[in-house]
Each structure stands twice: as C-alpha cells, then as structure tokens.
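Each chain, letter by letter, is given below.
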Amino acid sequence: SIAVKLLANSNDKSVITYLQSRLGDPAWLVRINAANALLNFGQEGIAALKSQSPHKDKFAYESAQAILKIYQE
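Residues numbered from 1 in each chain as written. Predicted model: local features only at pLDDT ≥ 70, side-chain atom pairs only at ≥ 80, totals over all residues. Heavy atoms only, no water.

Visitor: Quick rundown of the overall build of the protein? Include the residues and the values.
Guide: Looking only at helices and strands, one finds five helices and zero strands in the protein. Shown N-terminal to C-terminal, the secondary structure of the protein runs as helices and strands in the order α-α-α-α-α. In summary, the protein has a C-alpha radius of gyration of 11 Å against a globular reference of 11 Å for 73 residues, a match within 12%. Taken over the C-alpha atoms alone, the protein extends approximately 30 × 25 × 20 Å along its principal axes. When burial is assessed residue by residue, the protein has 36% of its 73 residues classed as buried. Within the protein, residue pairs in contact and separated by at least 24 positions form 52% of the contacts whose partners lie at least 6 positions apart. (Helix = DSSP H or I, 4+ residues; strand = E, 2+ residues; numbered from the N terminus. Rg over C-alpha atoms; globule rule 2.2 N^0.38 Å. Buried < 20%, exposed > 50% of the residue type's maximum accessible area, 1.4 Å probe, protein only. Contact = heavy atoms within 4.5 Å.)

In structure tokens, the structure reads:
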C-alpha cells in the first residue's frame, strides 16, 4: 500500500501499467491507493481506470469506479 502511494508522486508514466495491475490486489487498501495514484497521471491514468471491466476483474472494476465517482463529484 505504501509503495503504491509513493508511485503516485512519480513522474514516470511507465508505472501506470503496474498501478493498473494493483487495482485487482487482494488488499482493499492497495486497490484504492492504486486507483488514487492513477488519477495523478492525468488522462492516461483516468483512461486506465475507465478501462477496467467487471467481467475481467470485479475488484479492479469496483475500485476504479469508486475513485472515478469521487473524482467526478
């Protein structure tokens, strides 16, 4: 969870793929922190969140949707 939070402050967009993979982590806190971190990467991070499918990984999808909902409010 802490490592995912630290990556949020990275300017290296290559971590987007890693953060996206953590959206399906078994630990809820890791999933939410990964979703929050993706927001720091602007449109590319938002696109990664929006690309999650409930049919592929329910945890990743729900984490992404929760953060997108907060972001849009």
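On we go from here.
Visitor: Residue-level account of helix α5 (residues 58-72), with values.
Guide: Here α5 spans 21 Å end to end across 15 residues, near enough to the 21 Å set by a 1.5 Å rise per residue. Those residues of α5 that sit buried are Ala60, Ser63, Ala64, Ile67 and Leu68. The arc enclosing the buried residues of α5, seen along the axis, measures out at 130°, which places them on a common side. Turned more than 90 degrees away from the buried face of α5, the exposed residues are Lys58, Lys69, Ile70 and Gln72. On its buried face, α5 is in contact with α3 (28-39) and α4 (42-50). (Expected span 1.5 Å × (residues − 1). Arc of directions from axis to C-beta.)

Visitor: Lay out the environment of Tyr71 in plain terms, naming residues and giving numbers.
Guide: With respect to the element layout, Tyr71 can be found in helix α5. For the pair Tyr71 and Ile46, spaced 25 residues apart in the sequence, the C-alpha separation amounts to 9.6 Å. Discounting residues that sit within four places of it in the chain, Tyr71 has contacts with Leu39 and Ile46.

Visitor: Quick rundown of the layout of surface pockets? Include the residues and the values.
Guide: Size it by volume and the largest pocket reaches roughly 150 Å³. Around the largest pocket, the lining residues are Gln20, Ser21, Gly24, Ser51, Gln52, Ser53, Lys56, Asp57, Ala60 and Tyr61. Mapped by element, the contributors of at least two residues to the lining of the largest pocket are α2 (15-22) and α5. Residue composition of the lining of the largest pocket, grouped by class: two nonpolar, six polar and two charged. (1 Å grid on protein atoms, 1.4 Å probe; cavity = no way out; pocket = protein on both sides within 12 Å on 5 of 7 lines; lining within 4 Å. Points joined across faces, edges and corners; volume = space filled by probe spheres on them. Nonpolar A, V, L, I, M, F, W, Y, C, P; charged D, E, K, R; others polar.)

Visitor: Break down the packing of aromatic side chains for me, with residues and values.
Guide: This structure, assessed with the given rule, holds zero aromatic pairs. Over the ring of Phe59 we find Arg31; its NZ or CZ atom is 4.3 Å from the centre of that ring. (Phe/Tyr/Trp six-rings, centres within 6.5 Å; stacked < 30°, edge-to-face > 60°. Lys NZ or Arg CZ within 6 Å of the ring centre and 35° of its normal.)

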